Amino acid sequence: MRIGTGYDVHRLVEGRPLIVGGVDIPFMKGLDGHSDADVLTHAIIDALLGAAALGDIGKRFPDSDASLRGVSSMVLLSRVGGMIRGNSFEISNIDATIIAQQPRMSPHIDDMRRNIGAALGIDAGRVSVKATTEEGLGFTGIGLGIAAQAVCLLTSVSSGLKAE
């Protein structure tokens, strides 16, 4: 078994869509980044890559790669799912938390779980997504950005890990 953790944060800015967990959430601001800046999906990607000892999102999908500008993080997550399977691991579960004062995430969580499960080829029942605020404290609490944390458990489906 392998456990991985991930964390990501992006600044909220005007003029960008707000994409979280592959869901386009109606809001006056969106997350700034090279890709679609899906903070939840990025935290999950880092958790998965970390558990499999395959580096991190910056190593696998650098922001210096012009072909990744504006890319959907669901595409990146799907690629990571392939890397996980290619290294003889199965995703047992993912548990993630979105940290945002606003907008309210709860109406979108079921769609996020379905999107993440579909991108990884796993049942949405293996994906937990929660949301919390920081009660007006810190950069997320005053609405400057959104953060996400994730943890995952991978199980080996064979005896060996392939080299990178």
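Residues numbered from 1 in each chain as written. Predicted model: local features only at pLDDT ≥ 70, side-chain atom pairs only at ≥ 80, totals over all residues. Heavy atoms only, no water.

Taking 1.5 Å per residue, 12 residues should reach 16 Å; helix α4 (residues 109-120) reaches 17 Å between its end C-alpha atoms and fits that length. Buried within α4 are the following residues: Ile109, Met112, Ile116, Gly117, Ala119 and Leu120. One face of α4 carries all of its buried residues, which in axial projection span an arc of 165°. Two residues or fewer past α4, Gly121 is found with a positive phi of approximately 70°. (Helix = DSSP H or I, 4+ residues; strand = E, 2+ residues; numbered from the N terminus. Expected span 1.5 Å × (residues − 1). Buried < 20%, exposed > 50% of the residue type's maximum accessible area, 1.4 Å probe, protein only. Arc of directions from axis to C-beta.)

Another aspect to go through is helix α1 (residues 39-51). Helix length check: α1 (13 residues) gives 19 Å between terminal C-alpha atoms against 18 Å at 1.5 Å per residue, within 8%. Within α1, 12 of the 13 residues are buried, which leaves it mostly tucked inside the rest of the structure. Looking only at α1, the buried set comprises Val39, Leu40, Thr41, His42, Ala43, Ile44, Ile45, Asp46, Ala47, Leu48, Leu49 and Ala51.

Inspection of the secondary structure puts Gly125 in the loop between α4 and β6 (127-132). A sequence separation of 12 residues divides Gly125 from Arg113, and the C-alpha atoms of the two residues are 7.9 Å apart.

It is worth spelling out the side chain of Ser73 at this point. Mapped onto the fold, Ser73 is located in helix α3 (residues 73-86). Reaching out from Ser73, the side chain makes a polar contact with the side chain of His42 at a distance of 2.8 Å. Residues in contact with Ser73, not counting those within four places in the same chain, are Ser35, Asp36, Ala37, Asp38, Thr41, His42 and Ile45. (Polar contact = N/O pair within 3.5 Å; in protein donor to acceptor, adjacent residues only side chain to side chain. Contact = heavy atoms within 4.5 Å.)

A separate point is the side chain of His10. Looking at the element boundaries, His10 is found in strand β1 (residues 2-13). Using a relative accessible area of 14% as the deciding quantity, one classes His10 as buried. Within the structure, His10 has its side chain in polar contact with the side chain of His42 (distance 3.3 Å). Among all residues touching His10, those that are not within four sequence positions of it are Leu31, Asp32, Gly33, Ala37, Val39, His42, Gly145 and Ile146.

On to the packing of α3 against α4. The interhelical angle for the contact between α3 and α4, taken along N-to-C directions, is 45°, at an axis separation of 7 Å. Regarding the angle of α3 to α4, the classification is oblique. On α4, the residues touching Met74, Leu77, Ser78, Gly81 and Arg85 of α3 are Asn115, Ile116, Ala119 and Leu120. Taken together, the residues of the contact of α3 with α4 sort by class into 5 nonpolar, 3 polar and 1 charged. (Axes fitted to C-alpha atoms, helices over the stretch in contact; angles between N-to-C directions. Parallel < 35°, antiparallel > 145°, perpendicular 65-115°, else oblique. Nonpolar A, V, L, I, M, F, W, Y, C, P; charged D, E, K, R; others polar.)

Checked against the element boundaries, Gly70 lands in the loop between α2 (57-60) and α3. Discounting residues that sit within four places of it in the chain, Gly70 has contacts with His34, Ser35 and Asp36.

The omega torsion across Gln102 and Pro103 is 0°, close enough to zero to call that bond cis. With respect to the element layout, Pro103 can be found in the loop between β5 (89-99) and α4. Positive phi, close to 65°, is recorded for Ser88, a residue that is not glycine. Structurally, Ser88 is set in the loop between α3 and β5. Ser88 sits in the buried class, given a relative accessible area of 14%. For Glu135, which is not glycine, the phi torsion reads 50° and is therefore positive. Following the sequence through the fold, Glu135 ends up in the loop between β6 and α5 (138-141). Classification of Glu135 by relative accessible area gives exposed; the value is 67%.

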